[in-house]
Amino acid sequence: MKVKIFGAGSIGNHLTQASRRKGWDVTVVDIDPAALKRMKEEIYPKRYGSWDPQIKLMTPEEAPKGGFDVIMVGTPPPARLKVAMEALEGKPRVLQLEKPYFVPMLDESLKRENQEFMEKAKSLGIKVVVGYEYALGESAKKALDFISDKGFGKIRVLEVAVREEWSGALAAHPWLKGPADTYLGFWQKGGGALSEHSHAIHYWQHFASHLGLGTIDEVSASMRMVKDALLDYDELTYLNIKTDQSFTGTIVQDVVTDPPYLSLFIQREKAFVKWLRRSVPGKGNVETITYGKKDENGWLVTTEDIPVARPDDFYPEINHIADLLEEKVKIEDSPIRLEMGAHVTAVVTAAHESRLNNGKFIKVTKYAGYR
Ligand SMILES: NC(=O)c1ccc[n+]([C@@H]2O[C@H](COP(=O)([O-])OP(=O)(O)OC[C@H]3O[C@@H](n4cnc5c(N)ncnc54)[C@H](O)[C@@H]3O)[C@@H](O)[C@H]2O)c1
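Residues numbered from 1 in each chain as written. Predicted model: local features only at pLDDT ≥ 70, side-chain atom pairs only at ≥ 80, totals over all residues. Heavy atoms only, no water.

Before we go on, may I ask you to explain the site of the ligand in this structure?
The local shell around the ligand holds 28 residues, among which Asp30, Arg80, Lys99, Glu133 and His173 are the closest. Between an oxygen atom of the ligand and a side-chain N or O atom of Glu133, the distance comes to 2.7 Å. A distance of 2.6 Å is found between an oxygen atom of the ligand and a side-chain nitrogen or oxygen belonging to His173. For the ligand, whose free accessible area comes to 850 Å², the fraction covered by protein is 88%. For the shell around the ligand, the secondary structure elements donating two or more residues are α1 (10-21), α3 (80-89) and α9 (310-325). A breakdown of the residues in the shell around the ligand according to their chemical character gives twelve nonpolar, eight polar and eight charged. When residues of the shell around the ligand are sorted by domain, at least three fall in each of domain 1 (2-130) and domain 2 (133-308 + 338-363). (Near = heavy atom within 4 Å. Polar contact = N/O pair within 3.5 Å; in protein donor to acceptor, adjacent residues only side chain to side chain. Areas by Shrake-Rupley, 256 points an atom, 1.4 Å probe, with all protein chains shown as cover. Helix = DSSP H or I, 4+ residues; strand = E, 2+ residues; numbered from the N terminus. Nonpolar A, V, L, I, M, F, W, Y, C, P; charged D, E, K, R; others polar. Domains from an automatic or database assignment.)

What's the story with the sheet that holds strand β3 (residues 56-58) in this structure? I'm lost.
In a beta sheet, neighbouring strands pair by backbone hydrogen bonds and run either parallel or antiparallel. With parallel pairing, six strands are arranged side by side in an open sheet as β3-β2-β1-β4-β5-β6. Strands at the two margins of the open sheet, each flanked by one partner only, are β3 and β6 (127-130). Each neighbouring strand pair of the sheet contributes to a mean axis angle of 20°, computed without reference to strand direction. Bridging between strand β2 (residues 25-29) and β3 involves three bridges; their strand directions are parallel. (Pairing = 2+ DSSP bridges. Axes fitted to C-alpha atoms, helices over the stretch in contact; angles between N-to-C directions.)

Help me understand the sheet that holds strand β12 (residues 271-280) in this model?
The strand order β14-β13-β12-β11-β7-β10-β9-β8-β15 describes an open sheet built from nine strands, whose pairing is mixed. At either end of the open sheet lies a strand with only one pairing partner, and these are β14 (298-307) and β15 (362-363). The strands touched by helix α5 (residues 138-147) within the sheet are β11 (261-268), β12, β13 (284-295) and β14, with β12 carrying the most contacts at an inclination of about 165°. Against the sheet, helix α10 (residues 338-356) touches β8 (216-227), β9 (232-243) and β15, its axis set at about 60° to β8. (Contact = heavy atoms within 4.5 Å.)

It is not clear to me how the packing of α3 against helix α4 (residues 108-124) should be interpreted in this structure. Could you clarify?
The axes of two packed helices give the description: the angle between them and the distance between them. Put simply, α3 and α4 touch, their axes get as near as 10 Å, and they point 20° apart. Relative to α4, the element α3 lies roughly parallel. Remark: the crossing between α3 and α4 carries left-handed chirality. Every residue of α4 that contacts α3 at Leu81, Lys82, Ala84, Met85, Leu88 and Glu89 is listed here: Glu113, Asn114, Glu116, Phe117, Lys120, Ala121 and Leu124. Classifying every residue of the contact of α3 with α4 gives seven nonpolar, one polar and five charged. (Parallel < 35°, antiparallel > 145°, perpendicular 65-115°, else oblique. Left-handed = near helix turned anticlockwise from the far one by under 90°.)

Following this line, the structure appears as C-alpha cells:
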C-alpha cells in the first residue's frame, strides 16, 4: 500500500509510524525543508527509537501527485482544504484529513471552499475520513457496547470533556516558544480550545449517533477568551447542545486543566458508564472505564484499566483505513467519515457565532453530503 502524508510535524510523525507499523510504503511531504530534517533527525528517532530509512522525505515539487492508495493531510488547519483539494487530483482511494477538519467557517469564502471540497470529493467517489481517532479505540468500543443495551432504560445524561493544558500540545513541538508561534493561539486559524480539542465534540456526536439521540442541531457557547496584541483564542469553552431529537447535553473543552484528562459520562435509568483518559505516573496514558448497573440490590460498579501508549492511538485508525480499502467497512458506517468531521467544524462555527451573540442558541448548518 502506498501512502503520501502532507506535514512532517507532530501528527505527520504519528501517522508515518503507524503506517510503517502496518508495512505500508510512506512518502512524507512538507513545504518546509527544516521540518523534513527535524522529522528525520529529531522527532521520529526520539519518539520511536530510530529513524526508518524506508521513509521517503520530499518537498511538494519533488513528490509525485498520483500513484498513492492513501493520502493524509497533517498540515495546520488553515492549509487543510487547499491541500486536500490538490490531493483529490491524485485520486487516492482514501483521503485522511487531520482534525479539526477546517477552520471555523464564519466567512462566506470559507463556506464556499468547504462546499467545493465536499462536492468534489463526492463526485470523484473518494472515501474521506477525518482524524478523530479516539472513537476507534478499544475502550470507546467497550463503553459503547455496554451502554447500548436498551434494557438499561432511557438515556438521561451525555457529557464529554477534553481538558488539557497547552503544555501537552507544545511539548510535542519543542521548536515553538508558545501558542502565538502557531495556529494554536488563534481561534480563526483553527486554534483555541474549541478547535484544538474538538475530539470532545466528535466523541459526543459519535456516542449520540449510536445511541439514537440524533445530530447536534443547536449550540449555545460560553467561552473565556485570551486576547492581546499577540493572541486571540478561547482557553475554556462550555457548550450546551440540543440535537434534532431534542436531546440536550454538554461538552467542555479547555487548554488550562493540568494534569489533563478526557472524560465521557453516560447515565441511563439502570446503568451508567464513565470513561476517563489520563496520564498515570510510571504507567503513561491509561483509559479507565467504570461500568455501573442497578438492580434490586442497588448499584454494582466495576472498573477496567486499559493502558494506551500514544503511538497505539493511531494504529487503530490505520487499521480502519485498511478496512475501508479492503471494503470490510463501508464509508457510510465509518465513525470518522467526512460528514462527521465536517459537522464538528460546523458545531465549532456555530459556537463562535453564539459567543459573538451573547451565548444565544445558534442553529448548526448541515453541509453538503451530510446525512
Ligand atoms: N488526531 C490527533 O490526535 C492529532 C494530534 C496532533 C495534531 N493533530 C492535528 O494535526 C494538525 C497539524 O498539527 P501538528 O501538531 O502536526 O502541526 P506541526 O506544526 O507540528 O506540523 C505541521 C506541518 O505541516 C507543514 N505544512 C504546512 N503547510 C503545508 C503544505 N501546504 N504542504 C505540506 N506541508 C505543509 C508545516 O511546515 C509543518 O511542518 C493540526 O490540525 C492538529 O490539530 C491531530
